[in-house]
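Each chain, written out:
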Amino acid sequence: MLDSLPVGSYIPHDSVIHRLRARTKLLLLCWLAASFFIANHKRFHYGVYGLAFALLMLTMVLSGANPGYIWRRLRVIFLLMAISLPFLLIWTTGPTWRTFGPLVFTLDGVRIPIEVVVTYDGLWFSVSTTCIFLLLYLGTLALSLSTTPVALAEAIVLLLRPFRRMGLPADEFGLMTLLALRFVPTLVQEANQLIKAQVSRGAEFTTGSLGARVRGVVMLVVPLTEGALRRAAGLATALEARGYGVTGEATLLHEGRLRALDWALLILVPLITVAVYWYL
Amino acid sequence: MTILVDHLTVIYHPGSPLERVALRNVNLRVEDGSCAAIVGVTGSGKSTLAQCLNGLLTPTSGRVVVDDIELTSRGLAGETLRALRRRVGLLFQFPEGQLFAPTIGADVAYGPGQMRLKRAEVEERTRWALRAVALPDDDAFLARSPFALSGGQRRRVALAGVLAMRPGIVVLDEPSAGLDAEAREEIYATLRALRERERLTLVVISHDMAEVAALAETVLALRDGQTALAGPTAAVFRQTEAIEAAGLLPPPLAQVAALARARGLLRAEPTSFTAEALAEALRPASSAPQGRDGAHSATLDRGDGRHAG
Amino acid sequence: MTDAGATAGAASMRADIIIEGMSYRYSETSGAALSDVSLTIQQGEYVALLGHNGSGKSTLARIIGGLARPSAGRVTLAGLDTAEPANRARVRGLVGMIFSDPDNQIVATVVEDDVGWGLAARGFPHDVIIERTRAALEAVGLRHAYGRAPNELSGGQRQRLAIAGALALEPSALIADEPTAMLDPRSRVEVSALLRRLNREHGLTIIHVTHLLEEAASAHRVIALDGGRVALDAPPAQAFADLGRLRALRLVIPDVALLAERLRAEGLPIPADALSPEALTRALGGTR
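What counts, and at which threshold
- Residues numbered from 1 in each chain as written.
- Chains lettered and ligands numbered in written order.
- Predicted model: local features only at pLDDT ≥ 70, side-chain atom pairs only at ≥ 80, totals over all residues.
- Helix = DSSP H or I, 4+ residues; strand = E, 2+ residues; numbered from the N terminus.
- Rg over C-alpha atoms; globule rule 2.2 N^0.38 Å.
- Buried ≥ 20, exposed ≤ 12 C-beta atoms within 10 Å, placed from the backbone.
- Contact = placed C-beta atoms within 7 Å.
- Core = buried A, V, L, I, M, F, W, Y, C linked by C-beta atoms within 7 Å.
- Axes fitted to C-alpha atoms, helices over the stretch in contact; angles between N-to-C directions.
- Left-handed = near helix turned anticlockwise from the far one by under 90°.
- Nonpolar A, V, L, I, M, F, W, Y, C, P; charged D, E, K, R; others polar.
- Expected span 1.5 Å × (residues − 1).
- Arc of directions from axis to C-beta.
- Pairing = 2+ DSSP bridges.

K.L.:
Can you explain the overall build of chain C? Please cite residues and give values.
P.N.:
Within chain C one finds 12 helices and 10 strands. Here the C-alpha radius of gyration of chain C, 20 Å, is about what a compact globule of 288 residues would show, namely 19 Å. Projecting the C-alpha coordinates of chain C onto the three principal axes gives extents of approximately 65 × 45 × 35 Å. Scored against the burial criterion, the 288 residues of chain C give a buried share of 56%. Taking contacts inside chain C between residues at least 6 apart in sequence as the whole, the part at least 24 apart equals 64%.

Written as structure tokens, this is what we have:
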């Protein structure tokens, strides 16, 4: 169940996308996210989405990612969206697009007829949100599968470095990113194992009374927290033994100066996006 | 209780690009009150097999039969599945990591508490289970936090939690992994006592053959999801080359026996791979103190003879 | 160089570990975890540090590695007091440490990134990082694992990767705190053999903390702790001659040693340190 969680991981490969600096990829992803929200102010803004989708697909193809792998990662997202879509559709006001129903619910023997009203705004909002969500997810996936966590951590340190003077712990953010990327899959695997173990002891997570389910959650949260703390203690000792923090400035393993292609992309992608936004 | 595993095949994500065969055509029979060991390297399918035994995983084909409950690719209905899980207790790897309750008593009582038993019965089972794993069963101990115990003790509390459900069969996945030698001995002593006193049927999963040597009557060695070796423990341990081919390390005493056999030093095949039995098999022909020198030179001759030939 | 380096001079070539009258307690109120330990471990020695759970062996290892400060007494490494904060960086450079769970020591998701990470954290220049990463992976026999993800490696390989991470810093001593406790028997043999080889070929001081006598058999010297005190300090042949003594230290006697004990009672000349199947059969076969 949990092994299909959308946690992306680095897939070693030699491609143009892999060779790009992590900073470039991170900045472009941030730009895409920003452009969606800017585009949102215009009624018809699907040109920007279409462009982003095309760019991301191109990225995926260039990075040599296995389509089967991407599909498996996307499946869970589709499922999540299918669940949330009806709520997005209903919870808006404005001119009506269409009315469904009445649907009849029965609560304690009382029949409650409900008319489902879908507004134009609701429709518009759902489609936009779904697109943004999907595109950002694809972008994150492309970033994580083509960038090693160490490079990503270094990119964060470099990008945050100007703010260090304001007291922002840039290096610590970098280390935190690295450790999170490294340990989230491990913790997910441990959670998966734990669920099975507790089920073997008769735990109920999906069936049974409310009380039983609450107890089920406690049965997961307590051992998971305890395990994560134990791991953190071990990790802290190991990091200290490996000499983290004994000297001032760390060397960057991956992030060097931006190259021609990095600069080109950092200039071209925003330009094209703005152009599409303006003229479409 | 008896377990029968019949042509069991388990395939993960069948029909997708991530399809992976975890077990193929595996057979196993564990008689009532006996102990079987399942050995293999990481990824050989031994944990998958363990999870099939109590219905956590459903076979892709083949079947698992525990007394009158039969698990096939169709799966089991809720009530039967619960009955199977009650019959077959499964202790996972590093089970001390699944303790959750504020007190030892509450943790051990969780399993029987889920079975809609009377309170007195639950308490009786809790105390029995703690005694069965050689831990105290007094109120003071029951009220202690499980998190304050040593690693080995916590693991035994977790085992008590499984035993308190009164299963007829207990499947243990790497019961001694990560423990120091002393705690390891204690766990195995507990398992031996459980077999003798409670006639529990045991299935022990391990990557360490030496550990299961003294406990198991039969051994099933898996390699890439298929049976590499199977049979009575002594017979399996004689096949050191096949064990190594399965990526495993034969128990040290089985290695001694194999080396001695190759040099013609083995007087008779040992009946088991304990120090006692092997010393008997290696003892010079006449073990009377007077004949010691003669016997030793005889061994020398045999050794030299082999080298010359 | 630092002033400590200048005064240590020739001693820095021989990074001996000297422990003098050292005691340790976790807090003011708790009992002593280590009391009055005095030891000298010379550069290039392979020491097996034995003891049951709670005997103080891991605590001693952490103090030697500079991860904990002694409550009394002194630990020096190449003449540097390990408790002195000013010496921290140099001490870290002189001793590497590895632990039981390789997963808690590996921080990156690509093999060479992980080895390079420790070097990068200490600010080594780029070309040095690349060169040392290569050399360290070569030394632990993981050159083929370049570009792979650590979670695709076996337990033994992951522990070797952790060792490579420590080796890349070119320490003069490696402290391995129960490095095989989480591993399967094959990987255990693999990791022990690597430690022996690093000692033999690279002249690295090895302090191998273990509760397994068979792993201690190949050491130059066996030190056993009991109740926070040194209970035994002898070469293996001498240390394993008295199994009763080892039992009293709550150590579990390996099967091969039990067999050797029985055969010895039969009058066969089995040496005390024949703890491996090969050594025992060799003794039986009387190859001399």
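K.L.:
Can you tell me about the overall build of chain B, naming the residues and giving the values?
P.N.:
Regarding its fold elements, chain B presents 13 helices and 10 strands. For chain B, the spread of C-alpha atoms along the three principal axes comes to 70 × 55 × 30 Å. When the 309 residues of chain B are sorted by exposure, 47% land in the buried category. The contacts in chain B between residues at least 6 apart in sequence include a share of 61% that link residues at least 24 apart.

K.L.:
Give a detailed account of the nonpolar core, specifying residues and quantitative values.
P.N.:
The biggest cluster of nonpolar side chains holds 222 residues, and the ones touching the most others in it are Ala 160, Val 203, Ala 221 and Leu 278 of chain B together with Ala 164, Ile 207 and Leu 259 of chain C. Of all the elements, helix α6 (residues 149-160) of chain A adds the most residues to this core, at 7 residues. Contact partners of Ala 160 of chain B, with chain neighbours within four places excluded, come to Val 108, Ala 129, Leu 130, Ala 132, Val 133 and Leu 135 of chain B.

K.L.:
I'd like a rundown of the packing of helix α4 (residues 111-121) of chain C against helix α6 (residues 155-167) of chain C, residues and numbers included.
P.N.:
All names here are of chain C. Axis separation between α4 and α6 bottoms out at 7 Å; the angle between their running directions is 35°. Handedness of the crossing formed by α4 with α6: right-handed. Contacts between α4 and α6 involve Val 111, Asp 114, Val 115 and Gly 118 from the first element and Leu 161, Ala 164 and Gly 165 from the second. Tallied by class, residues from the contact of α4 with α6 come to 4 nonpolar, 2 polar and 1 charged.

K.L.:
Report on the interface of chain B and chain A, specifying residues and quantitative values.
P.N.:
Each partner contributes residues to the interface: chain B has 21 residues there, and chain A has 17 residues. Considered class by class, the residues forming the side of chain B that touches chain A number 13 nonpolar, 7 polar and 1 charged.

K.L.:
If you had to explain helix α5 (residues 126-139) of chain C to someone new, which residues and values would you point to?
P.N.:
Residues and elements named next belong to chain C. A rise of 1.5 Å per residue sets the reference length of α5, with its 14 residues, at 20 Å; its end C-alpha atoms lie 20 Å apart and thus fit the reference within 8%. The set of residues buried in α5 consists of Ile 129, Arg 132, Thr 133, Ala 136, Leu 137 and Ala 139. Buried residues of α5, seen end-on, are gathered within an arc of 150° and therefore sit on one face of the element. Residues of α5 that are exposed and angled more than 90 degrees away from the buried face: Asp 127 and Glu 138. On the buried face of α5, the contacting elements are α4, α6 and α7 (185-202).

K.L.:
Which residues make up the interface of chain B and chain C, and what values go with them?
P.N.:
Taken together, the contact pairs 35 residues of chain B with 32 residues of chain C. Secondary structure elements with two or more residues in the side of chain B that touches chain C: α7 (181-198), α11 (252-262), α12 (275-282) and α13 (292-308) of chain B. With 6 residues, the top contributor of residues to the side of chain B that touches chain C is α11 of chain B. Split into classes, the residues belonging to the side of chain B that touches chain C amount to 20 nonpolar, 8 polar and 7 charged.

K.L.:
Tell me about the sheet that holds strand β1 (residues 3-12) of chain B, residues and numbers included.
P.N.:
Residues and elements named next belong to chain B. Here 4 strands make up an open sheet; going across it, the order is β2-β1-β4-β5 and the pairing antiparallel. Each edge of the open sheet is held by one strand with a lone partner, namely β2 (20-30) and β5 (69-71). Mean inter-strand twist for the sheet, computed between neighbouring axes without regard to direction, equals 20°. Here β1 pairs with strand β4 (residues 61-66) via 5 bridges, running antiparallel. If you follow Asp 6 over to β4, its bridge partner there is Arg 63. The strands that helix α2 (residues 78-87) touches are β4 and β5; relative to β5, the one it contacts most, it runs at about 105°.

K.L.:
Describe α11 of chain B, listing the residues and the values that go with them.
P.N.:
Residue and element names in this part refer to chain B. For α11, the tally of buried residues reaches 8 of 11 residues, placing the bulk of the element in the interior. Regarding α11, the residues found buried are Pro 252, Leu 253, Ala 254, Gln 255, Val 256, Ala 257, Ala 258 and Ala 260. Downstream of α11 by one or two residues, Gly 264 has phi in the positive range, about 70°.

K.L.:
Could you give an account of the sheet that holds strand β10 (residues 229-234) of chain C, with specific residues and numbers?
P.N.:
Residue and element names in this part refer to chain C. If you walk across this open sheet you meet the 6 strands as β6-β7-β8-β3-β9-β10, and the pairing is mixed. Both outer strands of the open sheet, β6 (95-98) and β10, are each paired with one neighbouring strand and no more. Here the average twist between neighbouring strands, direction ignored, is 15°. Across 5 bridges, the pairing between strand β3 (residues 46-50) and strand β8 (residues 205-210) is parallel. From the neighbouring strand, Ala 48 faces β8, where its bridge partner is His 208. α7 rests against β3, β7 (173-177) and β8 of the sheet, and its axis sits at about 160° to β8.

K.L.:
If you had to explain the environment of Ala 145 of chain C to someone new, which residues and values would you point to?
P.N.:
Residues and elements named next belong to chain C. Tracing the backbone through its elements, the reader meets Ala 145 in the loop between α5 and α6. The exposure class of Ala 145 is buried, given the 21 C-beta atoms found within 10 Å. As for Ala 145 and Gly 155, which are separated by 10 residues in sequence, their C-alpha atoms are 14 Å apart. Here Ala 145 is in contact with Val 111, Leu 137, Leu 153 and Gln 157, once residues within four sequence places are set aside.

Functional significance is not addressed by these values, which are geometric in nature.
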